[in-house]
Amino acid sequence: VVEMQNIEQAFVIKSSNTPSVTEEKVDGHSSEEIINLDHGDPTMYESYWKNVGSKYTVTIPAYQSLSYFSNAKNLCWFLEPKLEEEIKKLHKVVGNAIVQDHYIVVGTGSSQLIQAALYALCDSLNEPNPISVVSAAPYYSSYPEVTDFLRSRLFKWGGDARSFDEDGPYIEMVTSPNNPDGVLREPVVKRAKGMLIHDFAYYWPQYTAITSPADHDIMLFTVSKCTGHAGSRIGWALVRDQNVAKKMVKFVELNTIGVSKEAQLRAAKILEVITASCQRVKPHDLENFFEHTHNLMAERWKKLQDSVKNNKLFYVQKYPLQQCNFTGDFTETYPAFAWLKSKEGIDCEKLLREHKILTRSGRRFGSDQEYVRISMLSRVDEFDLFLQRLSTIRRISSGNS
Ligand code: PMP
C-alpha cells in the first residue's frame, strides 16, 4: 500500500520522459534511467544467494502441505515446526534475542504481525476510546498508515512519542536500529500504562553491533531484512504473554487463516543455511552470511560518506563504534537506509527526483523536507549509479528554494 504511490510516481516520470539531447552512458546505464531507492527492497543479497547456488533449493511435492494446520497442538497452530526450530537456532547463534519464555507467532511478513500486535494489546483492555499508538520521530512511515488505515475503534495513530502527553494506556513502537535513521533506540514515553512493541527488523549483525540479547514482551523480526527474502513474506514475533500471543494468532487466523506453508518451509531452509554459514568448523562450503553482508554494507557506507564529504549540499550521519557480541569486534552501525540531509530550505526529495533518483521524503517519517530516506540495499550497479549521479548534483535547480 505504502509503496504503490511511488510505483505510480516512477511510471509518471518514465512515461512523460522525452529523451534529452544526449544520453550519457555510465557503465552501460543511461543517465536518464530512474533509480528507485524509495523502497527498502533488499536485492543486494541476491549476489550472496547466487553464489550459494542450487544446492539449498527447496522442492515441495504436490502431496505435501495441503492442510491448514502445521501443528494443531501448538498455540500457533499454523507455524511449521521446521521454521520454529530454525528461528530458535538462528537467535541462539546470533545472540540477538531471548527466545526462551516467549511464544513464536509467524506472520505474512512482520507487517501482518504489527497489526496483530496492535489488535492483541488493545482488545483485552476494553477502553471506551481508541488507544494511541506512538513512535519517536523520525518513525517508520508505515506505522501511521497501518494504524489508521481501517479507522479502528481499538487504536489510533498518536504521532511523535516525544510530544505525547495523554494520560491512560498507549502503545509505543520501538524500532532498533531505527528505520529511517539507523539509530539504536529505547522507549521514550516511559509511563506506567505504556505497552511496547519492539520492532527488530534490523537487529542483525550486518547492520549493527549485537550488544545484548533482547528480552522484551513483544519482539518482531522478519526474513525480509535478515536474509533478503522479502518476497517470501515471512516474519515472526516473540511474545511473552500467552493471552497476547493467542490474540495475535486469532488475528492471523481471521486475516489469512495462517501463513503459506511453502513460504515457511523455504524460509526455514534459508535460515538453516545462514546458521550453518556461521559455524566456524565447516562441514559446508558457505561463506559466513553475516560477515559477507556486513562487509558489503561497510563498503557501501564508506563510498556514500566519501561521496557526500566533498559535496556542500548533502550530509549523512556518523554512528558510534560498539562492540558486537556476535563477531567480538568493534563495529559502526551500517543502516539499511541512509538518512540524507540537504542544506536548509531544500526539498531534498524533490531535488533528487529532478535528477531521477526516487527516495522517500522526511515528511513521511514525521520529520522535515530537508531529509530523505535512501535504500542502501539495492543491487550494486544501481547503487553505484546512484553515487555517480549524486556526485553530479552540486547546485539547486530554479524550482527549489
Ligand atoms: N518493520 C520495519 C522497521 C521495516 O522497515 C519493515 C520493512 N520495511 C517492516 C517492519 C515490514 O517488513 P516485512 O513485512 O517485509 O516483514
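Residues numbered from 1 in each chain as written. Predicted model: local features only at pLDDT ≥ 70, side-chain atom pairs only at ≥ 80, totals over all residues.

A separate point is the site of the ligand. Taken together, 13 residues lie around the ligand, and G109, S110, S111, T222 and S224 are the ones closest in. Here the shell around the ligand is built from residues that sort into three nonpolar, nine polar and one charged. (Near = placed C-beta within 6 Å. Nonpolar A, V, L, I, M, F, W, Y, C, P; charged D, E, K, R; others polar.)

A few words now on the domain arrangement of the protein chain. Here the domain parsing of the protein chain yields domain 1 (4-50 + 287-392) and domain 2 (64-277). Here domain 1 and domain 2 have C-alpha centroids that lie 26 Å from each other. Taken together, the contact pairs 33 residues of domain 1 with 29 residues of domain 2. For the side of domain 1 that touches domain 2, the secondary-structure elements that each account for two or more residues are α9 (289-309), β12 (322-323) and β14 (337-342). Here the side of domain 1 that touches domain 2 takes five residues from α9, the largest share from any one element. Tallied by class, the residues present in the side of domain 1 that touches domain 2 amount to 15 nonpolar, 13 polar and five charged. (Domains from an automatic or database assignment. Contact = placed C-beta atoms within 7 Å. Helix = DSSP H or I, 4+ residues; strand = E, 2+ residues; numbered from the N terminus.)

This paragraph deals with the pairing of strand β9 (residues 218-222). Of all the five residues making up β9, five are buried; the element is thus mostly covered by neighbouring parts of the structure. In β9, alternate side chains face the same way, and those of I218, L220 and T222 on one face and M219 and F221 on the other are all buried. Pairing of strand β8 (residues 194-199) with β9 involves two bridges; the strand directions are parallel. When the sheet's bridge partners are listed, H198 is paired in β9 with M219. Sheet topology places β9 next to strand β10 (residues 234-239); five bridges connect them, and they run antiparallel. Residue M219 lies in a different strand from β10, and its bridge partner there is L238. (Buried ≥ 20, exposed ≤ 12 C-beta atoms within 10 Å, placed from the backbone. Pairing = 2+ DSSP bridges.)

Take unusual backbone geometry next. A cis amide bond, omega -5°, links A137 with the succeeding residue P138. We note that R151 has phi near 45°; this positive angle belongs to a residue other than glycine. Structurally, the position occupied by R151 is in the loop between α5 (142-148) and β6 (155-160). Positive phi is not limited to glycine here, since K356 has a value of about 60°. Following the sequence through the fold, K356 ends up in the loop between α10 (348-354) and β15 (357-358). Judged by the 18 C-beta atoms lying within 10 Å of it, K356 falls in the partly exposed class.

Here strand β5 (residues 131-135) lies mainly inside the structure; five of its five residues are buried. The parallel pair β5 and β6, bridged by α5, forms a crossover whose chirality is right-handed. Here three bridges tie β5 to strand β7 (residues 170-175), and the two strands are oriented parallel to one another. In the strand pairing of β7, V134 is matched with E172. (Right-handed = clockwise from strand over helix to strand, strands pointing away.)

For the rest of this paragraph, the subject is the nonpolar core. Among the nonpolar cores identified, the biggest contains 101 residues, and V105, V106, A117, L220, A237 and M248 are the most heavily contacted of them. Looking at this core element by element, the count peaks at nine residues for helix α4 (residues 109-123). Two domains each donate at least three residues to this core, and these are domain 1 (4-50 + 287-392) and domain 2 (64-277). In contact with A117, other than residues within four places in its own chain, are I197, I218, A237 and M248. (Core = buried A, V, L, I, M, F, W, Y, C linked by C-beta atoms within 7 Å.)

The next subject is the sheet that holds strand β11 (residues 314-315). Read from one edge to the other, the open sheet built from four strands follows the order β11-β14-β17-β16, with strand pairing classed as antiparallel. The open sheet has two free edges, formed respectively by β11 and β16 (360-361), since each of these has just one partner strand. Here two bridges tie β16 to strand β17 (residues 371-375), and the two strands are oriented antiparallel to one another. Paired with R360 across the bridge in β17 is R373.

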